[in-house]
Amino acid sequence: MNAHELPFRPADILLPRECNLSLWSVVACDQYTSQPEYWQRVEERVGRAPSALRLILPERCLEGPGVESDIMEINTTMSRYLREGRFQEYPDSLFYVERTLSGGKVRRGLVGMVDLEQYDYEPGSGAPVRATEDTVLSRIPPRVAVRKNAPIELPHVMLLADDPEGTVIEPLSDQTGEMEELYNFPLMEGGGHIRGWRLTGGQKERVFAALRALACPAVFRNRYHLTEDLPVLLFAVGDGNHSLAAAKACYERAKRLTPPEHWAALPARYALCELVNLHDPSLEFEPIHRVVFGVEPRRLLDGLMDYYPGATQGRGEGHVLSYSAGRWIQGEITVPRPQQLLPVGTLQTFLDGYLAGCPGARVDYIHGAGVARRLAAGREDAVAFLLPPMDKGELFPTILRDGVLPRKTFSMGRACDKRFYLEARKIRE
């Protein structure tokens, strides 16, 4: 497999110029959905400065009354930034990134583009790039609406490579002296610090050699002790799966309007992303908690007990689901002999059915147990369910065995440590 056959490859990457990068770079749009005060602070901080804030639509706004005009304004601003020469292009590039997280650890990554022809989010797919969690199909059209007429993309997608020996990204940390430094600045709102360099031609070749070794079918089978000849799973989508699914939908639409011999040249065939090693010490899997709004707490908890015969109050053998409601209600429910692999699957199966019969009720996915508790404590119609973390070493084996995990099973770190928008790429000719 040569570099042009791998699903991850160099891109013509755009970086903003002649602006304050600390005001330009903002956190991924799917964060702080239940904390509008966060986005208000960002709005006030950015003011009239050039910023990626003007090029994205925070997820909390996706169902707002002015979403169509918001999207038009975003596309207009993208075109204006391009027309004004706001970006500098770095052709055929890979960027090495060191992100100092809020806790002080450094996450290392590679920015390039993923081939959407080699990505599939369907459970049980044999594609080299696969989703880690269930993809909610209803969440794709709003993201398609944002992307379909956009002239550029800004990525918050993070791909994970199962590279326990650290052969792809880690060697670059000692080679930055050979690279061109591109940026080095603090991120807003407790987001830490970020530095980035452009790889040399020789470094790119060494990266692709390491990726080809990871993609070797024999190495793949030995790594997971497989007795059957399964298709190689090279990358799993750690963050931004719905955004990547929207990019895939836009590409499939472009394919229908383009002769097959021209598909490889379509800008829509690719999506900018960051590749990270699953085994990077900074990469910690945090649980994503659930806060259910618009319900009567006692009735919801009784419904959970009724849904799983044999469920008991308190901690026991099985899946333990911790909950908190209002200021005084808290406890645990144990589901014995669970059918799901993980507690999050047990909880989500119940919630999907229960909420279908509760008009006006909704569930939000929250990073941080303290935040989830506070959201539930401040209302009389909310329940927070607090979930345990997942062992990240089980991620690839679980995908191979079960297809995908339940949606929103894990988060790679705290909300403030999510990817910040910085790089961009043209997606329309």
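Residues numbered from 1 in each chain as written. Predicted model: local features only at pLDDT ≥ 70, side-chain atom pairs only at ≥ 80, totals over all residues. Heavy atoms only, no water.

A. A look at the overall build of the protein chain. Counting its secondary structure elements, the protein chain contains 11 helices and 21 strands. In summary, the protein chain has a C-alpha radius of gyration of 22 Å against a globular reference of 22 Å for 429 residues, a match within 12%. Looking at the protein chain as a whole, 57% of its 429 residues qualify as buried. Taking all contacts inside the protein chain whose residues are at least 6 apart in sequence as the whole, residues at least 24 apart take part in 77%. Across the protein chain, the centroid of the 51 positively charged side chains sits 3 Å from that of the 57 negatively charged ones. (Helix = DSSP H or I, 4+ residues; strand = E, 2+ residues; numbered from the N terminus. Rg over C-alpha atoms; globule rule 2.2 N^0.38 Å. Buried < 20%, exposed > 50% of the residue type's maximum accessible area, 1.4 Å probe, protein only. Contact = heavy atoms within 4.5 Å. Lys, Arg positive; Asp, Glu negative; His and termini not counted. Charge placed at Lys NZ, Arg CZ, Asp CG, Glu CD.)

B. Representation of the nonpolar core. In terms of nonpolar packing, the biggest core is built from 62 residues, with Leu110, Leu159, Leu211 and Leu395 touching the most fellow members. Not counting chain neighbours up to four residues away, the residues in contact with Leu211 comprise Leu6, Phe8, Val168, Leu234, Phe235 and Leu275. With 51 residues, the next largest nonpolar core counts Cys29, Leu55, Tyr81 and Leu272 among its residues. (Core = buried A, V, L, I, M, F, W, Y, C linked by side-chain atoms within 4.5 Å.)

C. Molecular detail of the packing of aromatic side chains. The full count for this structure, using the stated rule, is 15 aromatic pairs. A ring pair is formed by Tyr119 and Tyr121, whose centres lie 6.3 Å apart and whose planes are at 50°; its orientation type is tilted. Of the two residues examined, Tyr119 and Tyr121, each falls in the buried class. Between Phe285 and Phe410 the ring centres are 4.2 Å apart and the planes differ by 10°, which places this aromatic pair in the stacked class. In this pair, Phe285 is assigned in strand S14 (residues 285-293) and Phe410 in strand S20 (residues 410-412), connecting sequence segments 125 residues apart. (Phe/Tyr/Trp six-rings, centres within 6.5 Å; stacked < 30°, edge-to-face > 60°.)

D. Structural view of the environment of Tyr96. The topology assignment puts Tyr96 in strand S4 (residues 95-100). C-alpha separation for the pair Tyr96 and Arg195, spaced 99 residues apart in sequence, amounts to 8.4 Å. Apart from residues no more than four positions distant in its own chain, Tyr96 is found in contact with Arg108, Gly109, Leu110, Ile169, Leu172, Ser173, Thr176, Met179, Arg195, Gly196, Trp197 and Leu199. In this structure the side chain of Tyr96 is engaged in a polar contact, spanning 3.5 Å, whose partner is the side chain of Arg108. (Polar contact = N/O pair within 3.5 Å; in protein donor to acceptor, adjacent residues only side chain to side chain.)

E. Seen up close, the pattern of salt bridges. This model, assessed by the stated rule, comprises 22 salt bridges. We note a salt bridge from Glu153 to Arg147, for which the minimum N-O separation is 2.9 Å. By the burial criterion, Glu153 is buried, and Arg147 matches it. Here the salt bridges do not stand alone but share partners, grouping Glu117, Lys248, Glu252 and Lys255 into one network. (Salt bridge = Lys/Arg side-chain N within 4 Å of Asp/Glu carboxyl O.)

F. Geometry of the state of the cysteines. Going through the model one piece at a time under the given rule, you end up with 0 disulfides. Its sulfur unpaired, Cys19 is 20 Å from the next cysteine sulfur, which belongs to Cys29. The exposure class assigned to Cys19 is partly exposed, which follows from its relative accessible area of 22%. (Disulfide = S-S within 2.5 Å.)

G. The arrangement of the side chain of Thr258 in detail. As for its placement among the helices and strands, Thr258 is situated in the loop between helix H7 (241-256) and strand S13 (270-277). Taking the relative accessible area as the measure of exposure, Thr258 reaches 18% and is therefore buried. Of note is the side chain of Thr258, whose polar atom sits 2.7 Å from the backbone oxygen of Ala254.

H. Region of the structure containing the packing of helix H4 (residues 140-147) against H7. Following both chains from N to C, one finds H4 and H7 inclined at 65°, their axes separated by 8 Å at the closest point. Between H4 and H7 lies a crossing of right-handed hand. Between H4 and H7, the residues in contact are Ile140, Arg143, Val144 and Arg147 and His242, Ser243, Ala245, Ala246, Ala247, Ala249 and Cys250, respectively. Across the contact of H4 with H7, the residue classes break down as 7 nonpolar, 2 polar and 2 charged. (Axes fitted to C-alpha atoms, helices over the stretch in contact; angles between N-to-C directions. Left-handed = near helix turned anticlockwise from the far one by under 90°. Nonpolar A, V, L, I, M, F, W, Y, C, P; charged D, E, K, R; others polar.)

I. Here's a closer look at a positive patch on the surface. A contiguous patch of positive charge, built from Lys148, Arg253, Arg256 and Arg428, is present on the exposed surface. Of note, Arg256 is situated in helix H7. (Patch = residues over 30% accessible without salt bridge, like charges linked within 9 Å, V, L, I, M, F, W, Y side chains within 5 Å. Areas by Shrake-Rupley, 256 points an atom, 1.4 Å probe, with all protein chains shown as cover.)

J. View of helix H9 (residues 343-356). Here H9 is 14 residues long and its end C-alpha atoms lie 20 Å apart, about the 20 Å a rise of 1.5 Å per residue gives. Of all 14 residues making up H9, 10 are buried, and the element is well covered by its neighbours. Buried residues in H9 make contact with S14, helix H8 (297-307), strand S16 (319-325), strand S17 (329-335), strand S18 (362-367) and strand S19 (382-386). (Expected span 1.5 Å × (residues − 1).)

K. Spatial organisation of the environment of Thr132. With respect to the helices and strands, the residue Thr132 is situated in the loop between strand S7 (129-131) and H4. In this structure, the C-alpha to C-alpha distance between Thr132 and Leu301, residues 169 residues apart in sequence, is 29 Å. Each residue touching Thr132, except ones within four places of it in the same chain, is listed here: Ala236, Val237, Leu395, Ile399, Val404, Leu405 and Phe410. There is a polar contact of 2.9 Å between the side chain of Thr132 and the backbone oxygen of Val237.

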